[in-house]
Amino acid sequence: MTGLRLEGLGVVADGVQIVRDLTVGCPPGAFVGLVGPNGSGKSTVLKTVYRVVRPTSGAVLLDGTDLVRDLTPRQSARRVAALAQESPDGFDFTVLEVVATGRTPHQSAWSPTSTGDHEIISAALDTVGMAAHAGRAFASLSGGEKQRVLLARALVQAPSVLILDEPTNHLDISTQLSLLELVRSLGITVLAALHDLNLATAFCDRLYVLHDGAVICSGKPEDVLTADLIGRVFGVRADRSVHPVTGRLQLAFSSLPFPSLPSSSLPGTDEPAPVVAGAEIPIKQ
Ligand SMILES: Nc1ncnc2c1ncn2[C@@H]1O[C@H](COP(=O)(O)OP(=O)(O)OP(=O)(O)O)[C@@H](O)[C@H]1O
């Protein structure tokens, strides 16, 4: 089995089951999205992959290897990198120094940053368009610039899997698109939590919809994100159309009560959502 697979994952924290029997598959090179309302468990799931949260049950498998039980944190950091939603503020480092920390899993205590490391770091700064700012204090950067630097730090880890937790929070629309296009162009396996369902449809090959810590639906974005599913999970009306340029699904939202408005007459909304049998999703009024 190759790629990343979360198998029957469960997380209990403070006696509360936050994630329950969750199975997610990310084939090599795929861009897979987790979507769901606030508190549905997306970040907790991602944290099990980059080892901030330990699963209570189930496994995180990378190319068949159990990441948590079979690899040291250092070994898994060579294979999995993460870009989280909030930039850490406490960095009293330059941009170059912040990016260089991404090489740590590949270095030993007695072998400092090598010429090869410097080349990798320079290439990553070039890739994210931040080479000209290498000497700047990280703390002085804008939110979007910080995200690009932190992406460069993730890239120098040379991961085979990149975890993104709301990576486009606080970014302008141009920077949102360019950051995700850059990630997509890398061709590595990506598991991302995204709140913006239009970004999710634009970039993800496959989506998993979370509700109350469980996957209730999964598949191609256009199959999963029906008006019915969005109404039931997010409590809003969604009008579906085809993006005029990309040809992908495009969603327009309104807070009109659902399901009192007709959705069946809208294009592409007549497919039933592949909701897992037995999953009960409260309809928010
Ligand atoms: N250590 C913990 N102890 C108790 N509850 C926790 C703990 N960590 C997370 N939770 C709860 O688990 C639920 C899922 O949190 P999580 O951050 O994974 O959700 P999310 O889908 O990423 O939310 P958001 O979209 O708001 O970022 C929330 O209700 C949260 O309060």
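Since we're looking at a predicted model, the values are computed, not measured. (Residues numbered from 1 in each chain as written. Predicted model: local features only at pLDDT ≥ 70, side-chain atom pairs only at ≥ 80, totals over all residues. Heavy atoms only, no water.)

(A) Quick peek at the overall build of the protein chain. Along the protein chain, the regular secondary structure elements total 10 helices and 12 strands. A burial count over the protein chain gives 46% of its 285 residues as buried. Contacts in the protein chain between residues at least 24 apart in sequence constitute 66% of all its contacts with a sequence separation of at least 6. (Helix = DSSP H or I, 4+ residues; strand = E, 2+ residues; numbered from the N terminus. Buried < 20%, exposed > 50% of the residue type's maximum accessible area, 1.4 Å probe, protein only. Contact = heavy atoms within 4.5 Å.)

(B) Just the pairing of strand β4 (residues 57-62), in detail. Sheet topology note: the strand β1 (residues 4-13)/β4 ladder contains five bridges and is antiparallel. Across the sheet, the residue bridging to leucine 6 is valine 60, located in β4. Bridge analysis of β4 against strand β5 (residues 65-66) gives two bridges, and the strand direction is antiparallel. Bridging across to β5, leucine 61 finds its partner in aspartate 66. (Pairing = 2+ DSSP bridges.)

(C) Spatial organisation of the site of the ligand. Near the ligand lie 13 residues; those nearest to it are Gly39, Lys42, Ser43, Thr44 and His195. For the ligand, an oxygen atom lies 2.8 Å from a polar atom in the backbone of glycine 39. Glycine 41 places a polar main-chain atom, nitrogen or oxygen, 2.9 Å from an oxygen atom of the ligand. Burial of the ligand by the surrounding chains reaches 59%, relative to a free accessible area of 640 Å². Counting residues per element, the shell around the ligand draws most heavily on helix α1 (residues 42-49), at three residues. Across the shell around the ligand, the residue classes break down as three nonpolar, eight polar and two charged. (Near = heavy atom within 4 Å. Polar contact = N/O pair within 3.5 Å; in protein donor to acceptor, adjacent residues only side chain to side chain. Areas by Shrake-Rupley, 256 points an atom, 1.4 Å probe, with all protein chains shown as cover. Nonpolar A, V, L, I, M, F, W, Y, C, P; charged D, E, K, R; others polar.)

(D) The arrangement of the packing of helix α5 (residues 115-127) against helix α6 (residues 143-156) in detail. Running from N to C, α5 and α6 cross one another at 140°; their axes reach a closest spacing of 9 Å. Taken together, the axes of α5 and α6 are oblique relative to one another. In the packing of α5 onto α6, the handedness of the crossing is right-handed. Touching Ile120, Ile121, Ala124, Leu125 and Thr127 of α5 are Ala152, Leu155 and Val156, all from α6. For the contact of α5 with α6, the residue count by class is seven nonpolar, one polar and no charged. (Axes fitted to C-alpha atoms, helices over the stretch in contact; angles between N-to-C directions. Parallel < 35°, antiparallel > 145°, perpendicular 65-115°, else oblique. Left-handed = near helix turned anticlockwise from the far one by under 90°.)

(E) Fine view of α6. For α6, which comprises 14 residues, the first-to-last C-alpha distance of 20 Å matches the rise-based estimate of 20 Å (1.5 Å per residue) to within 8%. Of all 14 residues making up α6, 11 are buried, and the element is well covered by its neighbours. For α6, the full list of buried residues reads Gly144, Glu145, Lys146, Gln147, Val149, Leu150, Leu151, Ala152, Ala154, Leu155 and Val156. Looking at the buried side of α6, the elements it contacts are β6 (80-83), α4 (95-100), α5, β7 (161-165) and α7 (173-186). Of the residues trailing α6, alanine 158 is marked for its positive phi of about 50°. (Expected span 1.5 Å × (residues − 1).)

(F) Focus on the domain arrangement of the protein chain. Parsing the protein chain into structural domains produces domain 1 (4-79 + 159-255) and domain 2 (88-158). Domain 1 and domain 2 are separated by 25 Å when their C-alpha centres are compared. Listed per partner, the contact involves 12 residues of domain 1 and 16 residues of domain 2. When the area that domain 1 buries against domain 2 is broken down by residue, the three leading residues are Arg74, Pro159 and Leu182, summing to 38%. (Domains from an automatic or database assignment. Buried area = accessible area lost by both parts, 1.4 Å probe.)

(G) Region of interest: the nonpolar core. In terms of nonpolar packing, the biggest core is built from 50 residues, with Phe31, Leu151 and Leu164 touching the most fellow members. Domain assignment of the residues forming this core places at least three in each of domain 1 (4-79 + 159-255) and domain 2 (88-158). Not counting the four nearest positions on each side in its chain, phenylalanine 31 is found in contact with Leu164, Leu180, Val183, Arg184, Val190, Ala192, Phe203, Cys204, Asp205 and Arg206. Residues Leu22, Val49, Val80 and Ala193 belong to the second largest nonpolar core, which totals 26 residues. (Core = buried A, V, L, I, M, F, W, Y, C linked by side-chain atoms within 4.5 Å.)

(H) How the structure looks around the packing of α6 against α7. Running from amino to carboxyl end, α6 crosses α7 at an angle of 10°, the nearest separation of the two axes being 11 Å. The orientation of α6 relative to α7 falls into the category roughly parallel. For the pair formed by α6 and α7, the contact residues are Gln147, Arg148, Leu151 and Leu155 on the first element and Leu179, Leu182, Val183 and Leu186 on the second.

(I) The arrangement of the sheet that holds strand β2 (residues 16-26) in detail. Pairing in this open sheet of four strands is antiparallel, and the strands run β2-β1-β4-β5 from one edge to the other. The outermost strands of the open sheet, each flanked by one partner alone, are β2 and β5. Lying on the sheet, α1 is in contact with β1, β2 and β4; it crosses β1 at an angle near 115°.

(J) Broad picture of the side chain of glutamate 166. You can see glutamate 166 is positioned in the loop between β7 and α7. Of the side chains with opposite charge, lysine 42 lies nearest to the buried glutamate 166, which makes no salt bridge, at 5.9 Å. There is a polar contact of 2.4 Å between the side chain of glutamate 166 and the backbone nitrogen of histidine 195. Excluding residues that lie within four positions of it along the chain, glutamate 166 makes contacts with Gln85, Ala193, Leu194 and His195. (Lys, Arg positive; Asp, Glu negative; His and termini not counted. Salt bridge = Lys/Arg side-chain N within 4 Å of Asp/Glu carboxyl O.)

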